[in-house]
Amino acid sequence: MAGNAGNAGNAGNAGNAGNAGNAGSAGGGGGGVYYADRIDLPFVMAAKRDDAGRLATLRAADPEASFKQHWDGMWWSWGAMAEFTATPAWQQLVAGNAASPLSIPTWQDLLREKDPNRGTPQAASLAALVDAEVATLIRYAEDERADALGEILSQAGNFFPDLLGALGITTASHPRTVRLMEIGNLVATLAVMLLKRRSERMRPSQYCPALRPALPIPGHSAYPSGHATQALIAARLAELVIPAARAATAEAGIVMARRIARNREIAGVHYPSDTEAGWRLAEALLQVLTAANLPSFVAARTDAQAEWAP
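Structural notes, computed from the coordinates. All chains use their own residue numbering, which begins from 1 and follows the written sequence. Thresholds applied to this predicted model are a pLDDT of at least 70 for local features of residues and 80 or more for the giving and counting of side-chain atom pairs; totals over whole chains, interfaces and linings are not thresholded and use all residues. Excluding hydrogens and water, the side-chain values take into account all heavy atoms of the structure.

## Overview of the overall build of the chain
So, point 1. Looking only at helices and strands, the chain features 14 helices and 0 strands.
So, point 2. Here's how the labels work: a residue is buried when its accessible area is under 20% of the maximum for its type, exposed when over 50%, partly exposed in between, all with a 1.4 Å probe on protein chains only. Counting all 310 residues of the chain, 45% fall into the buried class.
So, point 3. For the chain, the accessible surface area stands at approximately 15,600 Å², while carbon and sulfur atoms represent 57% of it. Under the DSSP-based scheme used, a helix requires at least four consecutive residues in state H or I and a strand at least two consecutive residues in state E, with every element numbered from the N terminus. All accessibility values rest on the Shrake-Rupley procedure with a 1.4 Å probe; residue burial counts only the protein chains present in the view.

Shown next, in the form of C-alpha cells:
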C-alpha cells in the first residue's frame, strides 16, 4: 500500500501540482462515466415504453442547448487561468520584473532575511542557514514522520479530499466552490512551475543524503513548495465565499492547508523556507485574482457564494 501511494506521488509530480486539483474534480461531473452495453441488443435499439418505435428517435434537448451545467470544475477553470495570464502582474513576473506583486525573494535571500544577525559580522553563512533548516527536517523525521506517514502518502498527489473534508463539503454538495478552488490550484501551479525553474533549488535529501525522504523526489526543484502554494490559495478562496457565521469551517480549511504543507517538510521533500515562500506566493496570487476582476473568476466566486446562502 505504501508503495502504491508513492506511485501516486509520482503521478502528481507535475506540480504535485495539477493532480491535486484533478482529484478534487473527480466526480464533479464532466462526462467521465462510461457504461457496459449489450452486443446483440445495444441500448440505442431499445423500444420506447409504449413499444411505438425506438428510444433512439427521441431527443432530450434542443441541439443548441448549453453544456454549461455539465462542465467539470477543473476543465472550466482553465479559461480563468487563460484570463489570469493576461494580467500585468503575470506578464511582469514572466519578464522577470521584480516589481510584479507575484515576485518572491530567492531562497537565498529568504534565508538571509530570517537570520537574526543579518547585516552584522555575526551573520551566518548561507551553508549554515541551510544546515539549520536540515536540522529541523532531521528532527521532524525522528519525532513526527512515523506518525504523519499516513497523511503524507495520502496527500502526495492528491490533497483535495483532505481539504474538502476539513471544509465539510464534497464535489457533489458544493461543485461551484470546488470550481473556485480549482482556479486557485491552476494559477498556483503555473506560477510555482515558473518560479521553480528559476530557483533550481535541490531537494533536502540531495543536499543531505542521510535525510531519506518518505516519498519519491518530485521531478522538479524544491522552491517554492507547490503543495504549500496550492493548498493555501484553495483554502483562502473557499474562505472568501464561506459566510461569517461559518467562520470555523473556513478556519479548518486554512489549518488543513498548513498541515498539508508541513507534511511535505516532515516527509523530507521540502525545506521550511520552501513552505514559507509558497504561503507568500499564495497570498500574492489571491490579491491579484481578487483585484483583477477577471470575468471567469468573478462568475465563479458569485456562483460559489450562492452555494453557502442560508
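## Observations regarding the side chain of Arg145
So, point 1. Position of Arg145 among the secondary structure elements: in helix H7 (residues 145-154).
So, point 2. Put simply, Arg145 is tucked away with no salt bridge, and the nearest opposite charge, on Glu144, sits 10 Å away.
So, point 3. It only takes one pair of heavy atoms within 4.5 Å for two residues to be counted as in contact. Contacts of Arg145, omitting those with residues within four sequence positions, involve Tyr140, Ile152, Leu211, Arg212, Pro213, Ala214, Ile266, Ala267 and Gly268. Charge convention: Lys and Arg are scored as positive, Asp and Glu as negative, and His as well as the terminal groups of each chain are ignored. Salt bridges are identified by distance alone: a Lys or Arg side-chain nitrogen within 4 Å of an Asp or Glu carboxyl oxygen.

## Concerning the nonpolar core
So, point 1. Counting residues in each nonpolar core, the largest one holds 72 residues, and the members touching the most others are Phe84, Leu102, Leu163, Met181, Ile233, Leu285 and Leu289.
So, point 2. With 10 residues, the single largest contributor to this core is helix H9 (residues 175-199).
So, point 3. Look past the residues within four positions of Leu285 in its chain and what remains in contact with it is Phe84, Leu102, Val187, Ala188, Ala191, Thr229 and Ile233. We define a nonpolar core as any set of buried Ala, Val, Leu, Ile, Met, Phe, Trp, Tyr and Cys residues linked to one another through side-chain atoms lying within 4.5 Å.

## Focus: the packing of aromatic side chains
So, point 1. Stacked, edge-to-face and tilted are the three classes for Phe, Tyr and Trp ring pairs, Trp counted by its six-membered ring, which pair at centre distances within 6.5 Å; planes under 30 degrees apart are stacked, over 60 edge-to-face, the rest tilted. Scanning all chains against the criterion turns up 3 aromatic pairs.
So, point 2. Seen from their ring centres, Phe84 and Trp90 are 5.7 Å apart, and the 45° between their planes marks the pair as tilted. With respect to burial, Phe84 and Trp90 carry one shared label: buried.
So, point 3. Charge-over-ring placement is defined geometrically: NZ (Lys) or CZ (Arg) within 6 Å of the ring centre, and within 35 degrees of the ring normal. If you follow Arg179 out to its NZ or CZ, it ends over the ring of Trp76, 4.4 Å from the centre.

## Quick word on helix H11 (residues 226-241)
So, point 1. Expected span of a helix, by definition, is 1.5 Å for each gap between consecutive residues, and there is one gap fewer than residues. Between its first and last C-alpha, H11 extends 23 Å over 16 residues, near the 22 Å set by a 1.5 Å rise per residue.
So, point 2. For H11, the tally of buried residues reaches 14 of 16 residues, placing the bulk of the element in the interior.

## A closer look at unusual backbone geometry
Negative phi is the rule for most residues except glycine; trans is the rule for most peptide bonds.
So, point 1. Omega for the peptide link from Tyr223 to Pro224 comes to -5°, which places this bond in the cis form.
So, point 2. The phi dihedral of Asp51 falls on the positive side, at around 60°, and the residue is not glycine.
So, point 3. Looking at where Asp51 falls in the secondary structure, it is placed in the loop between helix H2 (18-25) and helix H3 (73-84).
So, point 4. For Asn293, which is not glycine, the phi torsion reads 55° and is therefore positive.
So, point 5. Here Asn293 shows up in the loop between helix H13 (272-291) and helix H14 (295-307).
So, point 6. Judged by its relative accessible area of 56%, Asn293 falls in the exposed class.

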